[in-house]
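Residue-level listing of the chains:
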Amino acid sequence: MIRLEPLRVADAAEMVQVLGAPELYSFIGGRPPTLGELTEQYRRQVAGRSVDGREEWLNWIVRVDGTAVGYVQATVHEGARAVVAWVIGVPWQGRGYATGAANELVGLLRARGVRRIEAYIVPGHVGSERVAERIGLTPTGQLSEGEQMWSAAAAD
């Protein structure tokens, strides 16, 4: 059973293992974080807002039967638009966890009144493209930093 738990700084110790496979970064870039780097990142994220207060940061650990398998996150702009992302650790990919967690994330955002959902995906990242399709997003053709925007607006 998939469960989303709000991010805590203490989650870094478990998540450093989940995010430790170098192949996880083949599409998203970067490298596996160290425990110190992830702890500092989580300290910033749990603050819940950008320094200027214009963005709300929402982050959850994805758990399956109590085990952390990845995360989902949303950056909410002015309460009406959210940019979402999902990452599932390599050992747990291909089991529907990203789709289940992303669906739950979109439901939480819609319940808060978010009208537009966006995700930015590297073209050719088939797994993420499938998740985006399954949660109701469609490609826009708009590129930003090499990633295509996928989006969906709430029905009136």
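To be clear, the structure that these remarks concern was listed above.
Being a predicted model, the structure only gives us computed values, none of them experimental. All residue numbers refer to positions counted from 1 along the written sequence of the respective chain. Per-residue local features of the predicted model are confined to residues with pLDDT of at least 70, and side-chain atom pairs are confined, for both listing and counting, to 80 or more; whole-chain, interface and lining totals are unaffected and use all residues. Only hydrogens and water are set aside; all other atoms, that is, all heavy atoms of the structure, feed into the side-chain values.

### Things to note about the overall build of the protein
No. 1: Secondary structure elements are taken from DSSP: a helix is a run of H or I of four residues or more, a strand is a run of E of two residues or more, and numbering for both begins at the N terminus. The number of helices and strands found in the protein is 5 helices and 7 strands.
No. 2: Reading the helices (α) and strands (β) of the protein from amino to carboxyl end gives β-α-α-α-β-β-β-α-β-α-β-β.
No. 3: A globule of 156 residues ought to have a C-alpha radius of gyration of about 15 Å, and the protein, at 15 Å, matches this closely.
No. 4: With respect to the three principal axes, the spread of C-alpha positions in the protein is 40 × 35 × 35 Å. Note that the radius of gyration is over C-alpha atoms, with the globule rule given as 2.2 Å times the number of residues to the power 0.38.

### Comments concerning the pairing of strand β5 (residues 116-121)
No. 1: When strand β4 (residues 81-88) meets β5, the two strands line up parallel, connected through 3 bridges. By the bridge assignment, Ala 82 is partnered in β5 with Ile 117.
No. 2: Between the parallel pair β4 and β5, the chain is carried across by helix α4 (residues 97-111), and the sense of this crossover is right-handed.
No. 3: Pairing between strands is defined by DSSP: at least two bridges between them are needed. In this sheet, strand β7 (residues 147-153) lies alongside β5 in antiparallel orientation, the contact comprising 6 bridges. Bridged to Ile 117 within β7 is Ala 152. A crossover counts as right-handed when, viewed with the strands pointing away from the observer, the path leading from the first strand over the helix to the second turns clockwise.

### What about the nonpolar core?
No. 1: Throughout this description, the term nonpolar core refers to a set of buried Ala, Val, Leu, Ile, Met, Phe, Trp, Tyr and Cys residues connected via side-chain atoms within 4.5 Å. Burial here depends on accessible area, computed with a 1.4 Å probe over protein chains only, as a share of the maximum for the residue type. Under 20% is buried, over 50% is exposed, and the range in between is partly exposed. Core analysis: the biggest nonpolar cluster contains 30 residues, and Val 72, Val 84, Trp 86, Leu 109, Ile 117 and Leu 137 have the highest contact counts within it.
No. 2: When residues of this core are traced back to their parent elements, those giving at least two are β2 (55-64), β3 (67-77), β4, α4, β5, α5 (126-134) and β7.
No. 3: Element by element, the count of residues in this core is highest for α4, at 7 residues.
No. 4: The contact definition used throughout considers only heavy atoms, calling two residues in contact when any of these lie within 4.5 Å. Once you skip the residues sitting within four places of it in the chain, Trp 86 turns out to touch Tyr 71, Val 72, Ala 98, Ala 102, Ala 119, Ile 121, Ser 128, Val 131, Ala 132 and Ile 135.
No. 5: Counting 14 residues, the second-largest nonpolar core is a separate cluster that includes Ala 12, Leu 38, Tyr 42 and Ala 68.

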